[in-house]
Amino acid sequence: MKRYLPHLSALFIFIVSCCSGGAGAAYDSELCRNLSIKIERRDSLTSEDYSEMIAQDEAILQYLVERTKEISEQPDSTRSDAWRNLTADPEYLERFGYMFTLGSALYKAERNGSLDKGNSKKYEALDKYNEELVRYNERF
């Protein structure tokens, strides 16, 4: 049995990561665009749509936290210019826009009970990124 333990552990880690519902998903601008179109058209959204929205929102929030953290750690003399440059960056603007579209739809879905239990839990976990953003933005 001992010789199978490493294989079983690896299999368990693989299964858990596959079932984590998008944790660590990479940002996908095309997917965000398609989800935004569904939201704007008021199409009905599936649990899978919400799961993808949560994963994309998480990827966007991770990006925003990382970029904001980098700038917040700069000296006061360069921080303002770095912030201005970031907020003018097309990639930042795109992600920031999708964050509002997806985030607003997720907030509404959570409030009206449209998220299933798993998605609701994943949505709540996004709060840690919002708390980090607030902490780093306080330095500006």
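For the structure, see preceding data.
Before going into details, it helps to say that this report is about the structure given with it. What you see is a predicted model; the values in this text were computed from it and never measured.

## Notes on the overall build of the protein chain
Each helix and strand counted, the protein chain has seven helices and zero strands in total. Order of helices (α) and strands (β) in the protein chain, N terminus to C terminus: α-α-α-α-α-α-α. In the protein chain, which comprises 140 residues, the proportion classed as buried is 31%. Counting only contacts in the protein chain whose residues sit at least 6 apart along the sequence, the fraction spanning at least 24 positions is 75%. Looking at the protein chain as shown, the accessible area adds up to about 9,200 Å², and 54% of this sits on carbon and sulfur atoms.

## Examining the environment of Leu 31
Relative to the elements of secondary structure, Leu 31 occurs in helix H2 (residues 29–40). A sequence separation of 22 residues divides Leu 31 from Met 53, and the C-alpha atoms of the two residues are 8.8 Å apart. Excluding its chain neighbours within four sequence positions, the residues that come into contact with Leu 31 are Glu 52 and Gln 56.

## Quick notes on helix H7 (residues 127–137)
Here H7 has its buried residues at Tyr 129, Leu 133 and Tyr 136. Across the axial projection of H7, the buried residues extend over an arc of 70°, all falling on one side. Contacts made by the buried residues of H7 are with helix H3 (47–72).

## Brief notes about the nonpolar core
Counting residues in hydrophobic clusters, the biggest one holds 29 residues, and the most contacted among them are Met 53, Ile 60, Leu 64, Leu 102 and Leu 106. Going through the elements one at a time, H2, H3, helix H4 (76–88), helix H5 (90–111) and H7 are the ones with two or more residues in this core. Broken down by element, the residue count for this core peaks at 10 residues, all from H3. With residues near it in sequence (within four places) discarded, Met 53 still touches Leu 35, Ile 39, Leu 45, Leu 102, Ala 105 and Leu 106.

## A look at the packing of aromatic side chains
Tallied over the entire structure, the rule returns three aromatic pairs. The interplanar angle of 70° and the centroid separation of 6.4 Å between the aromatic rings of Trp 83 and Tyr 92 together place this pair among those described as edge-to-face. Of the residues examined, Tyr 92 reaches a relative accessible area of 6% and is grouped as buried. Ring centres of Tyr 92 and Phe 96 lie 5.5 Å apart, and the angle between their planes is 20°; this geometry places the pair in the stacked category.

What counts as what
Residues numbered from 1 in each chain as written. Predicted model: local features only at pLDDT ≥ 70, side-chain atom pairs only at ≥ 80, totals over all residues. Heavy atoms only, no water. Helix = DSSP H or I, 4+ residues; strand = E, 2+ residues; numbered from the N terminus. Buried < 20%, exposed > 50% of the residue type's maximum accessible area, 1.4 Å probe, protein only. Contact = heavy atoms within 4.5 Å. Areas by Shrake-Rupley, 256 points an atom, 1.4 Å probe, with all protein chains shown as cover. Arc of directions from axis to C-beta. Core = buried A, V, L, I, M, F, W, Y, C linked by side-chain atoms within 4.5 Å. Phe/Tyr/Trp six-rings, centres within 6.5 Å; stacked < 30°, edge-to-face > 60°.

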